[in-house]
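Coordinate analysis (summary)
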Amino acid sequence: MMTGKRLIISALLLALVQIGFLIAGRAAILRDGKQVLLKVEPIDPRDLLRGDYIFLGYEISRIPVKLIANIPADKLVSDDTSIVVRLKKGADGYWQPTTAWFGAAPAPAAADEADIVGHINDGWGLREEGASITPDYGIERFYLPEGEGMAIQNDMRVRPFAVRVAIAGDGTPQIKALMDGDKTLFEEPLY
């Protein structure tokens, strides 16, 4: 039987191992993931508990329902499910959605494409003319040094900003860098 002290030490070691796996997984995506450039749309720059951030919207944040290739004929609204959005680089250098699937893509993306995985809540209408859904990709917030959020937020309203995103083979995205035009403002460290 383990003593209380050994039990506490074992629990702490297990917690450290889990944290290490989370950090290593994120670093692997940043290091090895396919990089795409997404044009951003600003929303709001402050979190009372975590400091300045910019809340980012993207062209891929609104997916027209007509791009979703596998909607069953009898399906009227979305379920709480994952969505795969296939991206392709446009002439302007930004990646845009070309098609999407609920669940999984039927085939891997070509070399000049990338699949990003998001999440859809239930209740989005799938049959209205011109309908769109709004996936959550987990890359909608970017935290900044204290005092810099509002200035960047204001700049985003007058000139183009983007994020460079690394996408793992399974479609998991991580923000790699915040870009002001061609200039890198902030880059995420691997660790």
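Some points on the pattern of salt bridges
Under the criterion given, the structure shown has eight salt bridges. The salt bridge partner of R31 is D32, with a shortest N-O separation of 3.4 Å. Among the residues examined, R31 registers a relative accessible area of 44% and is labelled partly exposed. With a closest N to O distance of 2.4 Å, K75 and D79 form a salt bridge.

With respect to the sheet that holds strand β5 (residues 81–89)
Adjacent strands of a sheet form backbone hydrogen bonds with each other and so pair up, either parallel or antiparallel. With respect to topology, three strands assemble into an open sheet ordered β6-β5-β7, the strand pairing being antiparallel. Of all strands in the sheet, those with a lone pairing partner are β6 (95–102) and β7 (113–120), marking the two edges. Between one strand and the next, the sheet's axes are offset by a mean angle of 30°, whatever the strand orientation. Two strands pair when backbone bridges link them, and β5 and β6 are joined in this way by seven bridges, in the antiparallel orientation. Looking across to β6, one finds that I83 is bridged to F102.

So, the nonpolar core
With 36 residues, the main nonpolar core has L38, L56, Y58, L87, I133, V163 and L178 as its most contacted residues. Those elements giving two or more residues to this core turn out to be β1 (34–42), β3 (51–58), β5, β6, β7, α2 (149–156), β10 (161–167) and β11 (173–180). The element contributing the most residues to this core is β10, with four residues.

Considering α2
Among the residues of α2, G149, I152, Q153 and M156 are the ones counted as buried. For α2, the buried positions fall inside an angular range of 105° around the axis, keeping them on one side.

Conventions adopted
- Residues numbered from 1 in each chain as written.
- Predicted model: local features only at pLDDT ≥ 70, side-chain atom pairs only at ≥ 80, totals over all residues.
- Heavy atoms only, no water.
- Salt bridge = Lys/Arg side-chain N within 4 Å of Asp/Glu carboxyl O.
- Buried < 20%, exposed > 50% of the residue type's maximum accessible area, 1.4 Å probe, protein only.
- Pairing = 2+ DSSP bridges.
- Helix = DSSP H or I, 4+ residues; strand = E, 2+ residues; numbered from the N terminus.
- Axes fitted to C-alpha atoms, helices over the stretch in contact; angles between N-to-C directions.
- Core = buried A, V, L, I, M, F, W, Y, C linked by side-chain atoms within 4.5 Å.
- Arc of directions from axis to C-beta.

So, to be careful, I would describe these as geometric facts and stop short of saying anything about function.
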